[in-house]
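What the coordinates show
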Amino acid sequence: MSVGRNGLIDDRPDAVLKLLTLGDSGVGKTSFVLQFIEGTFTEKFVPTIGMDLREKLMTYQDHLKEERKVYLEIWDTAGQERFRSLTTAFFRDAMGFLLIFDISRKDTFVNVRSWLSQLQLHSNCDDPAMVLIGNKNDLDIREVDENSAIQLARNLGIKYFETSAKTGQNVYEAVETLMNIIMSRFKQYPERMDNMKWRSKKLENKKQEDSTCYC
């Protein structure tokens, strides 16, 4: 933690990053987020209605080995078609995307291209930061060949992870990788980091106003 001008410990994050989960209904987006945030898992499937926000404070180490506090806002989106317009409305302000499919359901992998089309159409960025995630690799059933997913990610120029929201395998690594990609881009565009610091101050003001705990 850094020390502010008043000599007190400044626990404000250096950056606030907004991430979105994308993918069909039932691929495990909510379970993935809960595993990352809380380290928990439930077998019960409850579809997300609209959007759900989860938050976590992370540490990023830059090229000078200096640690920066990064506040992640992870928006868990609904995969159902009837919520698609609400989901796409959030694309514009997002800085990174967790593109998730279910390796036991080939149709969810095929539909990745549809989500990519929506992302390209509605995102403010020509080259949005994202990672491709094949979830539910703890299951015995598999309909998506790993090499096919790796090839798709390679064609897109992004990282691919096979994860299990149940066991936690590669969940943290996937999110951390996306965070690192976004933060590394800020080195090339310092003005974007200034904007992140502004969002950090805005977040701090909000915390003081509503007295909500953001642990």
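Residues numbered from 1 in each chain as written. Predicted model: local features only at pLDDT ≥ 70, side-chain atom pairs only at ≥ 80, totals over all residues. Heavy atoms only, no water.

**So, the pairing of strand β8 (residues 159-162)**
Put simply, the rule reads: Criterion used throughout: strands pair if DSSP finds at least two bridges between them. In this description a helix means any DSSP run of H or I spanning at least four residues, a strand means any run of E spanning at least two, and both kinds are numbered starting from the N terminus. For a crossover, the right-handed case is the one in which the path from the first strand over the helix to the second runs clockwise, viewed with the strands pointing away from the viewer.
Relative to β8, strand β7 (residues 129-135) is paired through four bridges, and the arrangement is parallel. What sits directly across from Ile133, in β8, is Phe161. The β-α-β motif built from β7, the intervening helix α5 (residues 146-156) and the parallel element β8 has right-handed crossover chirality.

**Some points on the packing of aromatic side chains**
So the rule is basically this: Centre distance within 6.5 Å is the pairing criterion for rings of Phe, Tyr and Trp, where only the six-membered ring of Trp is used; planes under 30 degrees apart are then read as stacked, over 60 as edge-to-face, and the remainder as tilted. We call a residue buried when its accessible area falls under 20% of the maximum for its residue type, exposed when it is over 50%, and partly exposed in between, using a 1.4 Å probe and counting protein chains only. Sitting over a ring, as applied to charges here, requires NZ of Lys or CZ of Arg to be within 6 Å of the ring centre and within 35 degrees of the ring normal.
With the rule as written, the count across this model stands at three aromatic pairs. Measuring from centroid to centroid gives 5.8 Å for Phe36 and Tyr172, while their planes differ by 35 degrees, and the two rings are tilted. One end of the pair, Phe36, is in helix α1 (residues 29-38); the other, Tyr172, is in helix α6 (residues 171-188), and 136 residues separate them in sequence. According to the relative accessible area criterion, Phe36 is buried, its value standing at 5%. In this structure an aromatic cluster arises from ring pairing among Phe101, Phe109 and Tyr160. Just above the ring of Phe36 sits the side chain of Lys56; from NZ or CZ to the centre is 5.5 Å.

**A closer look at the environment of Tyr60**
Spelled out, the test is: Two residues form a contact once any of their heavy atoms are found within 4.5 Å.
Mapping Tyr60 onto the fold places it in strand β4 (residues 51-61). According to the relative accessible area criterion, Tyr60 is buried, its value standing at 7%. C-alpha of Tyr60 to C-alpha of Met183: the two residues are 123 residues apart in sequence and 7.9 Å apart in space. Aside from chain neighbours lying at most four places away, what touches Tyr60 is Glu66, Glu67, Arg68, Val70, Met179, Asn180, Met183 and Ser184.

**Notes on the pattern of salt bridges**
Condition: One side-chain nitrogen of Lys or Arg within 4 Å of one carboxyl oxygen of Asp or Glu is enough to make a salt bridge.
As enumerated under the stated definition, the model contains five salt bridges in all. With a closest N to O distance of 3.2 Å, Glu38 and Arg54 form a salt bridge. With a gap of 16 residues between them, Glu38 in helix α1 and Arg54 in strand β4 connect regions that are remote in the sequence. Given a relative accessible area of 25%, Arg54 falls into the partly exposed group. Here Arg105 ties to Asp107 by a salt bridge, and the two come within 3.5 Å at their closest N and O atoms. Of the residues examined, Arg105 reaches a relative accessible area of 26% and is grouped as partly exposed.

**Quick word on α5**
Quick note on the threshold: The directions considered for the arc are those from the helix axis to the C-beta atoms.
For α5, every residue scored as buried is listed here: Ala149, Leu152 and Ala153. The arc that holds every buried residue of α5, seen down its axis, measures 95 degrees, which confines them to one face. Summarising the geometry of α5, the exposed residues directed more than 90 degrees from the buried face are Asn147, Arg154 and Asn155. Buried positions along α5 lie against β6 (96-102), α3 (106-110), α4 (112-122), β7 and β8. Positioned one or two residues after α5, Gly157 has a phi angle of 75 degrees, which is positive.

**A look at the nonpolar core**
Where a protein is soluble and globular, its nonpolar side chains tend to be buried together. Condition: We call a set of buried Ala, Val, Leu, Ile, Met, Phe, Trp, Tyr and Cys residues a nonpolar core when their side-chain atoms join them within 4.5 Å.
One finds Leu17, Phe32, Leu72, Ile74 and Leu98 to be the most contacted residues of the largest nonpolar core, which totals 29 residues. The set of elements that each furnish at least two residues to this core consists of β3 (15-22), α1, β4, β5 (67-77), β6, β7 and α6. When residues of this core are assigned to their parent elements, the largest contribution, eight residues, is made by α6. Look past the residues within four positions of Phe32 in its chain and what remains in contact with it is Leu98, Ile100, Ile133, Thr163, Ala165, Val171, Ala174 and Val175. Formed by 23 residues, the second largest nonpolar core is a distinct cluster that contains Met51, Phe91, Met130 and Leu132.

**Brief notes about the confidence of the model for the chain**
The criterion, for reference: pLDDT is a per-residue confidence score from the predictor, ranging from 0 to 100.
The predicted model of the chain averages 80 in pLDDT, with 73% of residues at 70 or higher. The least confident element of the chain, judged by mean pLDDT, is strand β1 (residues 2-3) at 42; the most confident is β8 at 98. For residues 1-9, every residue scores under 50 in pLDDT, and the model assigns this stretch twelve contacts once sequence neighbours within four places are set aside. Scored below 50 in pLDDT, residues 197-215 shows 20 contacts in the model against residues more than four places distant or in partner chains.

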